[in-house]
Amino acid sequence: AVSAPTAVPAGAAVAAMTGALASALGVMAARVSRQPAVEHHLGEIVARLSHLLEADGKAYNTFIAATRLPIADHGRSVAVSSALHIATEIPLEMAERSMEAATLLAACSKGLKPRLRSDVQVGRMLAIAAAEASLHTVMENMKVQPNQQLREALVKRVDEVSENLEELRSLC
């Protein structure tokens, strides 16, 4: 579906899938290493990222529909801004959940069986990449967001994810 000549699914969907796969590696390792709390938490992240993957396509289509409203339509600017806000919130949550997965993967690696450490390291690297890719989508969407207040409301979360990713990268 990603290689189809359509706009959906695209980059954010691939980032969500990558984050979900990274988390699933952690689920497997936690299951084998008998870490049920980590297994459960990472399983929840897999499910959430899978949901966000679907939501991203719908949000993008809603945004495109809003941009196709006639320019003279008085509700157009609000529709575009609102649709873009949702289309930005979704990859931002993808970044947050992928970052959370990377943090869990780093924390659980100490109690792992040695043969699983490589799998968890790969998962952590992929989760970090998924978070970075999701943040890229967020930043691109924020550039075209006409509502300054919405942009400003997202900046704190974006900065927090960026800072946490810097710390996580240093652990790899």
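Note: the structure precedes this text.
Residues numbered from 1 in each chain as written. Predicted model: local features only at pLDDT ≥ 70, side-chain atom pairs only at ≥ 80, totals over all residues. Heavy atoms only, no water.

Engineer: Any chance you could explain unusual backbone geometry here in plain terms?
Structural biologist: A negative phi angle characterises most non-glycine residues, just as the trans form characterises most peptide bonds. The step from Val8 to Pro9 runs through a cis peptide bond, and the omega angle for that step is 0°. With respect to the helices, strands and loops of the structure, Pro9 is situated in the segment before helix H1 (11-32). Positive phi, normally seen in glycine, also occurs at Arg34, with a value near 55°. Mapping Arg34 onto the fold places it in the loop between H1 and helix H2 (36-67). (Helix = DSSP H or I, 4+ residues; strand = E, 2+ residues; numbered from the N terminus.)

Engineer: What should I look at first to understand helix H5 (residues 148-171) in this one?
Structural biologist: In an α-helix, one turn spans 3.6 residues; hence positions three or four apart end up facing the same way. If you check H5, its first and last C-alpha atoms are 35 Å apart, about what 24 residues at 1.5 Å a residue would give, namely 34 Å. Regarding H5, the residues found buried are Leu154, Val158, Val161, Leu165 and Leu168. On its buried face, H5 is in contact with helix H3 (76-108) and helix H4 (117-143). Here H5 starts with a cap whose side-chain oxygen sits 2.9 Å from the backbone nitrogen of Gln149, and that cap is Asn147. (Expected span 1.5 Å × (residues − 1). Buried < 20%, exposed > 50% of the residue type's maximum accessible area, 1.4 Å probe, protein only. Contact = heavy atoms within 4.5 Å. Polar contact = N/O pair within 3.5 Å; in protein donor to acceptor, adjacent residues only side chain to side chain.)

Engineer: What's the story with the packing of H3 against H4 in this structure? I'm lost.
Structural biologist: Packed helix pairs are specified by the crossing angle of their axes together with the interaxial distance, meaning the distance between the axes. Orientation of H3 relative to H4, taken along the N-to-C sense of each, is 160°, at an axis distance of 8 Å. Relative to H4, H3 is oriented roughly antiparallel. When you trace H3 past H4, the crossing you get is left-handed. Its residues placed into classes, the contact of H3 with H4 shows 20 nonpolar, six polar and one charged. (Axes fitted to C-alpha atoms, helices over the stretch in contact; angles between N-to-C directions. Parallel < 35°, antiparallel > 145°, perpendicular 65-115°, else oblique. Left-handed = near helix turned anticlockwise from the far one by under 90°. Nonpolar A, V, L, I, M, F, W, Y, C, P; charged D, E, K, R; others polar.)

Engineer: How do you make sense of the side chain of Asn141 when you look at a structure like this?
Structural biologist: Turning to its location among the elements, Asn141 is positioned in helix H4. According to the relative accessible area criterion, Asn141 is buried, its value standing at 16%. At 2.9 Å, the side chain of Asn141 and the backbone oxygen of Ala87 are in polar contact. Dropping the residues within four chain positions of it, Asn141 is found in contact with Leu84, Ala87, Thr88 and Pro91.

Engineer: Just to check I follow, could you spell out the nonpolar core for this structure?
Structural biologist: Side chains that are nonpolar tend, in soluble globular proteins, to be buried together. Formed by 41 residues in total, the largest nonpolar core has its most connected members in Leu42, Met94, Leu135 and Leu165. Ignoring sequence-local partners within four residues, the contact set of Leu42 consists of Ser23, Gly26, Val27, Ala101, Leu104 and Leu105. Judged by nonpolar contacts, the second largest core, of six residues, contains Phe63, Val80, Ala83 and Leu84. (Core = buried A, V, L, I, M, F, W, Y, C linked by side-chain atoms within 4.5 Å.)

Keep in mind these numbers describe shape, not what the thing actually does.
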